Amino acid sequence: MIVGQLADRTGRTLSVMPTWRCSAACGNCGTMSNPKVKTYLDVAHVLSAIDQAAEAGYSTVVFTGGEATLAWETLVAGIEHATRLGLPSRLVTNAHWAVTPARAEQRVQALRTAGLTEINFSTGDQHARFVPVARVIAAADAALGSGLRVAIMVETTKERAITRETIETDPAYIALAERHGPVMINESPWMPLSASVRGDYEADQLVNARTLPAHGGCDSVLSTTTVQADGTIAACCGIGMRLIPELQIGDIRSTPLVEADRRAGDDFLKRWIRVEGPERILAWAAVKDPAIEWEDMYAHRCQACLRLYQDPRVRQVIRDHHAEKIADVLYAEWLLLDSNAAKPGANAVEV
Amino acid sequence: MDDSSRLVLEYPELARRADAVVSQLASSEDFRNAFVADPTSALMSTAFAEVDIPEQATLDRANRLLYRLLSNRDFMAWAVQRQRELVEEINAVPRGEGEAGRQRMLWDQASRVELQREALNAIARYVPAEVIAEELGVESVDSVALEEQPSDRIVLSTRASSVNTVTNSNFTVTVTVVLGLLFVVITAFDMTPYAPEVGISRADIQSVARFMEAQFVPEMRQRGSRLQEGE
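Residues numbered from 1 in each chain as written. Chains lettered and ligands numbered in written order. Predicted model: local features only at pLDDT ≥ 70, side-chain atom pairs only at ≥ 80, totals over all residues. Heavy atoms only, no water.

Caption draft 1: Here's a closer look at the overall build of chain A. Assigned secondary structure in chain A consists of twelve helices and nine strands. In terms of C-alpha radius of gyration, chain A reaches 21 Å, essentially the compact-globule figure of 20 Å for 351 residues. On the principal axes, the C-alpha backbone points of chain A span a range of 60 × 50 × 45 Å. For chain A, with 351 residues in total, the buried portion stands at 62%. Considering only contacts within chain A whose residues lie at least 6 apart along the sequence, 72% involve residues at least 24 apart. (Helix = DSSP H or I, 4+ residues; strand = E, 2+ residues; numbered from the N terminus. Rg over C-alpha atoms; globule rule 2.2 N^0.38 Å. Buried < 20%, exposed > 50% of the residue type's maximum accessible area, 1.4 Å probe, protein only. Contact = heavy atoms within 4.5 Å.)

Pasting the structure below:
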């Protein structure tokens, strides 16, 4: 926690996907995971990625997927290794394993013993077709009881049965909250895995000229490096990134992590997305080519990013005109990412 | 997809060259001024000599305003003080059983919107009107005032004695800066890709500057045009 400066983000995250296999088969899954998928990352490469991340000064390791707990031994080995190297770790899971409170406790205890520091649960109408919300609450209860930091993410569309409110009014959740205090529950749009399909969202979730100022830079690209289940290294952990070849920056079996990161950092477009976000780039492209429509189409920025990379018209505008943005992007990098940028003289306001 | 068709805007050693530019921005006031006045020349004179940068390249007005806000001693004193209060508020929540409550406070988006609203008020209080006018490209603004509304919005009023070529035409422009638009979008499978932060970030201040740019400038210009047309 920073005192005496603005609250600007720091640190890089290594995201590891030990498998793309999942116990659920959600429609529009961001990694195209389901129970039939059999892609697993070798434990040696998981440990190697963590070694390289520690060496490069990363601040956090996240295990996600797929459903990372389906590669249990690799997951636990990875958490233990990160812990040994002084890196805090986080698990993203659908809680399918919390079949009973006792089973939930047993799994959480094993993760805690390995050194896990935080756990995130994914749920919502799609996930709940395969994993009841009751398991998420049971797993959250066990996790809070063991001292883990907990967050729950609820996928949202316009019409849905499961919301933050339905969870917060669930008797099991109320009992949990009485024991541990309320859990952080975030709602986030569930996006189609196609740039041309309009998701079913509330109007106020959609990006347009009026809401554009609320959309800042992407906090994933060039901040999170992902080692995927097939060994491919990606420059972000965005939903749908498997559909964007430009985000693939190497292979953990042959590319050193620092080399992959360097390669990503030499791509001006990724730097641009980092400071402005895909929505603003789409809006900028539409000024150059008015045939590009973007308003009221996207609620999820990863879908806007998919559009940016897949629409030939947007790609052409970016190729033709991006040089005029170089100065502005570098200026924004300085202002947003250098914690001492433009600081008033002599640190007079330090506390 | 072959390499040539990939949308990768690769410049050799871009990261290193970007670092060089940022270092110069941080260390040299002369370079900063030159960069703001003529970004193309400044870039080509440093690490980007071979890059064909269009002459019309400019800096985003919201970023220019962001710089002026970050370098305003009074505004930043307010921001740092406010953040200290927020940190103390979070730390006052008991650890152990209160951990979930602490975490919830860290992620409270309503609080973040409220912080942006406070920042907007602080801008009106501490940043001279002519600075805002200059960076947003609106001429001859006399004053900027904020007036909170009962709704989840803030009204920014400006009294201008001249706009562009129009002089001696006093009027007030009222622009609604809607800040209550933030909602969480989980950008990744990892839903907390970085540690939640307490207080006001540079990105928050940039967002406020963007709201001002997006809503204030067009309205001012529209009013100026109407006046020129003899409204």
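There's more to say after this.
Caption draft 2: A look at helix H2 (residues 29-37) of chain B. Here H2 of chain B has its buried residues at Phe31, Arg32 and Phe35 of chain B. Within H2 of chain B, the buried residues cover an arc of 100° as seen down the axis, which keeps them to one side. In H2 of chain B, the exposed positions angled more than 90 degrees off the buried face are occupied by Glu29, Asp30 and Ala37 of chain B. Buried-residue contacts for H2 of chain B involve helix H12 (326-337) of chain A together with helix H1 (14-27), helix H3 (39-44) and helix H4 (61-70) of chain B. (Arc of directions from axis to C-beta.)

Caption draft 3: Inspection of H1 of chain B at higher detail. Residue and element names in this part refer to chain B. Taking 1.5 Å as the rise per residue, H1 with 14 residues should run 20 Å; its terminal C-alpha atoms sit 20 Å apart, in good agreement. For H1, the complete set of buried residues consists of Leu14, Arg17, Ala18, Val21, Val22 and Leu25. The buried residues of H1 occupy one face: seen down the axis, they fall within an arc of 140°. Seen from the open side of H1, the exposed residues pointing more than 90 degrees away from its buried face are Arg16 and Ser27. (Expected span 1.5 Å × (residues − 1).)

Caption draft 4: Representation of the layout of surface pockets in the model. Put simply, the largest pocket is a space of about 770 Å³. Lining the largest pocket are 31 residues; nearest its centre among them are Arg280, Trp284 and Lys325 of chain A together with Asp60 and Glu213 of chain B. Looking at the lining of the largest pocket, the elements that each hand over two or more residues are helix H9 (268-288) of chain A together with H2, H4 and helix H9 (202-228) of chain B. With seven residues, H9 of chain A is the single largest residue contributor to the lining of the largest pocket. (1 Å grid on protein atoms, 1.4 Å probe; cavity = no way out; pocket = protein on both sides within 12 Å on 5 of 7 lines; lining within 4 Å. Points joined across faces, edges and corners; volume = space filled by probe spheres on them.)

Caption draft 5: Layout of the packing of aromatic side chains. By the definition in use, this model includes nine aromatic pairs over all chains. Each member of the aromatic cluster is reached from another via a ring pair, and the members are Tyr331 and Trp334 of chain A together with Phe31, Phe35 and Tyr67 of chain B. The ring of Trp72 of chain A carries Arg107 of chain A above its face, with NZ or CZ at 4.0 Å from the centroid. Directly above the aromatic system of Trp20 of chain A lies the positively charged group of Arg242 of chain A, at a separation of 3.4 Å from the ring centroid. (Phe/Tyr/Trp six-rings, centres within 6.5 Å; stacked < 30°, edge-to-face > 60°. Lys NZ or Arg CZ within 6 Å of the ring centre and 35° of its normal.)

Caption draft 6: Local environment of the sheet that holds strand E8 (residues 232-234) of chain A. Residue and element names in this part refer to chain A. Across the sheet, nine strands lie side by side as E6-E5-E4-E3-E2-E1-E7-E8-E9; this open sheet has mixed pairing. Among the strands making up the open sheet, the edge pair consists of strand E6 (184-189) and strand E9 (248-251). Averaged over all pairs of adjacent strands, the angle between their axes in this sheet comes to 20°, without regard to strand direction. One ladder, built from four bridges, connects strand E3 (residues 89-93) with strand E4 (residues 118-123); its direction is parallel. Within the sheet, the bridge partner assigned to Leu91 lies in E4 and is Ile119. (Pairing = 2+ DSSP bridges. Axes fitted to C-alpha atoms, helices over the stretch in contact; angles between N-to-C directions.)

Caption draft 7: Quick look at unusual backbone geometry. Here the bond from Gly65 of chain A into Gly66 of chain A is cis, since omega is 15°, no more than 30 degrees from zero. Along the chain, Gly66 of chain A turns up in the loop between strand E2 (60-63) and helix H2 (72-84). With phi around 55°, Glu13 of chain B is a residue other than glycine that occupies positive phi space. Counting through the fold element by element, Glu13 of chain B comes out in the segment before H1.

Caption draft 8: Expanded view of the side chain of Asp141 of chain A. Residues and elements named next belong to chain A. Among the structural elements, Asp141 can be located in helix H5 (residues 133-145). Exposure remark for Asp141: the relative accessible area of 19% places this residue in the buried category. Leaving out residues up to four positions away in the same chain, Asp141 has contacts with Leu176, Arg179 and His180.

Caption draft 9: Expanded view of the packing of H9 of chain A against helix H11 (residues 312-321) of chain A. All names here are of chain A. As a packed pair, H9 and H11 sit with axes 10 Å apart at the nearest point and diverge in direction by 110°. One element, H9, and the other, H11, form an angle in the roughly perpendicular class. Classified by chirality, the crossing of H11 by H9 is right-handed. On H11, the residues touching Leu269, Trp272, Ile281, Leu282, Trp284, Ala285 and Lys288 of H9 are Val314, Val317, Ile318 and His321. Here the contact of H9 with H11 is composed, by residue class, of nine nonpolar, one polar and one charged. (Parallel < 35°, antiparallel > 145°, perpendicular 65-115°, else oblique. Left-handed = near helix turned anticlockwise from the far one by under 90°. Nonpolar A, V, L, I, M, F, W, Y, C, P; charged D, E, K, R; others polar.)

Caption draft 10: Examining the pairing of E4 of chain A more closely. Residues and elements named next belong to chain A. Extensive coverage of E4 is indicated by the burial of six of its six residues. Burial of E4 is two-sided: the residues Glu118, Asn120 and Ser122 facing one way and the residues Ile119, Phe121 and Thr123 facing the other way are all buried. Viewed along the sheet, the connection from E3 through helix H3 (residues 101-114) into E4 turns out right-handed. The pairing of E4 with strand E5 (residues 149-156) spans six bridges and is classified as parallel. Paired with Ser122 across the two strands is Met153, which belongs to E5. (Right-handed = clockwise from strand over helix to strand, strands pointing away.)

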